[in-house]
Structures are given as C-alpha cells and as structure tokens.
Amino acid sequence: MGGALAGAIWGDAYSGMQVGALLQLFALAGLPLGGRTPEDYATAGVVGPTIALFLRHQLPTSSFAAPLVLGVVSGLFVALVGRLLVRWLRARNVGLAHWLDGELAAGHASAIDRAHTLGVFHAFAIGAGFTLGATVALAAVGRAAVRFDALALERACTLAEPALWGLGAGLAVRQLVAGGRHTRLLFLAALIFWVAVRWLGR
Amino acid sequence: MMRVRKIDLARVVARSFLLQALWNPERQQGAGFALALRPLFGRLFGREGEARALARHTGYFNTNPAFASYALGAVGRLEADRAEGAEIPAEAVDRAKATLGPALAALGDSLIWSTMRPVAAALGVTWVLAGSAYGPLLFLLLYNALHLYVRVRGVLVGWRLGLGFWEEGMRRRLQRLRVGLRVCAVVGAVALADAMVRHVAAAPSDTAPGALVVGAGLGLAWGEGRRLSASLVGLGLFSLALAWATLVR
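Keep in mind that what you see is a predicted model, and the values were worked out from it rather than measured.

Here we look at the overall build of chain A
So, point 1. In terms of helices and strands, chain A carries 6 helices and 0 strands.
So, point 2. Starting at the N terminus and walking to the C terminus, you meet the elements of chain A as α-α-α-α-α-α.
So, point 3. The C-alpha atoms of chain A give a radius of gyration of 21 Å, which is well past the 17 Å a tight globule of 202 residues would have.
So, point 4. If you line up chain A on its principal axes, its C-alpha atoms span 75 × 50 × 25 Å.

Re the nonpolar core
So, point 1. One finds A:Val69, A:Ala160, A:Ala172, B:Ala189 and B:Leu192 to be the most contacted residues of the largest nonpolar core, which totals 130 residues.
So, point 2. A total of 18 residues in this core trace back to one element, the largest contributor, which is helix α5 (residues 111–176) of chain A.
So, point 3. Split by domain, this core shows at least three residues from each of two domains, domain 1 (6–202) and domain 2 (205–249) of chain B.
So, point 4. Beyond its immediate sequence surroundings of up to four residues, A:Ala160 is in contact with A:Val69, B:Leu237, B:Phe238 and B:Ala241.

Focus: the interface of chain B and chain A
So, point 1. In this complex, chain B contributes 76 residues to the contact, which on the side of chain A involves 73 residues.
So, point 2. Looking at the side of chain B that touches chain A, its residues break down into 51 nonpolar, 17 polar and 8 charged.

A few points about the packing of α5(A) against helix α4 (residues 90–129) of chain B
So, point 1. One way to put it is that α5(A) packs onto α4(B) with a least axis distance of 9 Å and a crossing angle of 140 degrees. The pairing of α5(A) with α4(B) is recorded here as oblique in orientation. In this structure, the crossing between α5(A) and α4(B) has a hand that is left-handed. Only B:Ser114, B:Pro118, B:Val119, B:Ala121 and B:Ala122 of α4(B) make contact with α5(A), whose side of the interface consists of A:Ala172, A:Gln175 and A:Leu176.
So, point 2. Looking at the contact of α5(A) with α4(B), its residues break down into 6 nonpolar, 2 polar and no charged.

Topic: unusual backbone geometry
Residue and element names in this part refer to chain B.
So, point 1. Of note, the phi angle at Gln28 is positive, near 50 degrees, even though the residue is not glycine.
So, point 2. The residue Gln28 is located in the loop between α1 (6–16) and α2 (30–56) in this model.
So, point 3. Under the C-beta neighbour-count criterion, Gln28 is labelled buried, with 23 such atoms within 10 Å.

Calculation rules
- Residues numbered from 1 in each chain as written.
- Chains lettered and ligands numbered in written order.
- Predicted model: local features only at pLDDT ≥ 70, side-chain atom pairs only at ≥ 80, totals over all residues.
- Helix = DSSP H or I, 4+ residues; strand = E, 2+ residues; numbered from the N terminus.
- Rg over C-alpha atoms; globule rule 2.2 N^0.38 Å.
- Core = buried A, V, L, I, M, F, W, Y, C linked by C-beta atoms within 7 Å.
- Buried ≥ 20, exposed ≤ 12 C-beta atoms within 10 Å, placed from the backbone.
- Domains from an automatic or database assignment.
- Contact = placed C-beta atoms within 7 Å.
- Nonpolar A, V, L, I, M, F, W, Y, C, P; charged D, E, K, R; others polar.
- Axes fitted to C-alpha atoms, helices over the stretch in contact; angles between N-to-C directions.
- Parallel < 35°, antiparallel > 145°, perpendicular 65-115°, else oblique.
- Left-handed = near helix turned anticlockwise from the far one by under 90°.

This is how it looks when you write it as structure tokens:
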C-alpha cells in the first residue's frame, strides 16, 4: 500500500506497486512472531518506490527493471537499518514504562494515556525523520552511481531482477506451505496439476 | 461501581490498536494491555481505584496483537467480577494472563502471521503482477477482514464468557478456519508461482529463467530463524550481479 501511495505521489502508482509488491514478499520472511523485532518494511515500502521512481528519470533506459531493482535494494537496506532503529526505540520505551509506574503509584491514572501519546509521537517523529533522511541519502547515492557507470548498473539490474523476484516468491511459497506435510503434499499436487494444465494449453 | 456499557467495550477495542505503542523488552505489551482496559477500570473502580488497578496490569504480557482481544475481554470480565465482590484473588487474574498470553500467541501467530498474512500478500502480489491496480486493496481487504473481526469479536466474546471463551467449540472452529486458510495458502502459492513464470517469460533477457530458478531455490531453502536475514540475502544477490556486470564486460 505504501508503494502504491508513494507511486501515486510520483505520478506512477503501478510502478510503485511493483516495488512494494516485491518488498512485501521479502517482508513475509521476517514476520514479528513472538517477541522478535521485525525488519522495518513499513519505511522500506515508502523509501523503495520513491527511489525507484526518482532513478527512473536518471537512467537512460525506458525499461523499469533497473529502477525496480534499485528501489528494492534501497528498501532492503532501509528495512535492515530500520530494525536497529526500532530496537533502539523499544529500548527507550523501558524508561517511559518506569516513569509510568511512578505516576500510577502516585494515583495519576491519566499518566498511561500521556505515556502512550508520547510513545506514539516519539516513534512517528523518529520514523518520519528516518524516512526523509534515508530517501534523500539513497537518492543521492543512486544518482551518483548512475552517473558513475549507468551501463554496468543496468546490466546488474537486468540479471538481478528475476533473481530477486524468484527469491521473494521462494520465501513466500515457503511461508505459504509451511503448515506441515499435508499442506506440502497438497501444494505439490496443485503444482503438478497447474503444470499439466499449462502444458495441455500450449 | 458503575455499570460497564457497550461504548466502553468499543473503547477497549479502539485502544487495543495501541497495544504495542509502548512495547519494550522488559514488559513487552504490558503497558498497552493496561491502556486498553482503562475504559473498563474507570467504570469499575472509580477515580481512586483506577490507578491501582492499572498498575497491576502494566507487568509483563505478550501475545499476538489481534488475539490479545480475547485476553482483554476475559481479564476485563474477571476484574468486573472482582469489583462486584466475587472472591477472585489478584494472583488468579495474573495467572490467567500468564496462561492466556502464550496460548493465544501460538494460535494467533499461526493463524494471522503464518497463514492469513502470506495468503493475502501472495494474492495481492499476483494481482499486481497480472497488471491490476487493485492488488494492494485486495491485500488490505483480505488481511483486515479476519484481523478486524478477531479484534472486535475477541473483546466481546471474552467479556461475555470470561475465561470460558477458551472452550472446545472455539478451538474446533479455529481449526476448521485454519484448514480452510491452508487450502487458500496452497492456491496462493500456485498463483504466485504462475505469476512469476509469466513475468519472467515476458522478460527480454536470456538469463532471466536461470536467475529466477536460482533466486527461488534460495528462497525455498531459506527457513525461519536463520541468523542471516532474507534482506541480506537479497542485497547479497544484487552485489553479486553488480560484481559480475562490472568485471565481465
């Protein structure tokens, strides 16, 4: 959804959606199960499509493969760095929780609303600053890379694009059929059926 | 003590969206759990007792954010019974929370995170690759249909039945839902594989099928709990492609 919105702002919602879609597949490999701090794919979903659509105008080709790969790579990088930021924010919340203990012990019930409002605004301000900073920095790096060797970058992206789609799809399929032996057998049967239908349809 | 009204339960549902706003490694969702229950505590304990009741609930708690709604409803009911004079010690409420947290986490994580989210994402991505602009909307609708239903129903059922919500019937219904979602997951997986093949078939490059197979193989081999995250693997793949493009002219 972030990809579609970022794309719409840049005048090409569908291209933004493609970057967002590939990042979504990667996000499935890092879901916040248990107490795990997930990678920051929310920020990645905004930065990635923005970088892709910005670099689209910098690259000499009309194909979207290179901007898509550069957008996704930027998104993956932002997701990894963002995870560290989320961890830092969560560690800072310990202080707020302790402050809340003191206030509740003093009989101030409304302190719980204040603590949460502060927590939300804090996270929003840090998140917005990080999104803006990461977008500007990665756009500058991307533009410098394009100016340095656009040809090599395009060749690399042409090779990497299907590999990244494959990796994303592989991660998603693994997650989808992770429900035990029966699910895997059902998937195998459905896959054989699908191959047969496609083969007969040729 | 004032009577709890429907609007108070609606406020519990609304506040449950902030369950993780003050998430921290020490108590995880503890503060959020207390925040969500505040509308009930205001009614049940009045101005004087409210802060004391909230303080009892800011301790450690962690579960699946959507399925936490059942714990909120059930614990709210226990506190209401206590306020009405039932002989329920505070330790019994703590024990109920400690038991419900992991049980609901196991159920919610497998149903919401491991099944519904991938199914919705796979179908949404498939639609995007098929050229439709409604892929993200489909993802949002599919995912939130179950997610929002659980958030609202959990509070209502937990409030109505207390700890009794955890009866055999609910587990059977959820098991049936999980089986249905597994079938959807298989359909989603095949649809995604089909979309990938079509996408690569349309690519002008000769290396595309081979690269897709290498990427897919890596993705399928990549399991949960690996030290190296999938994002790093993606960045590694791009770095290899860049090294190849720079060195082989």
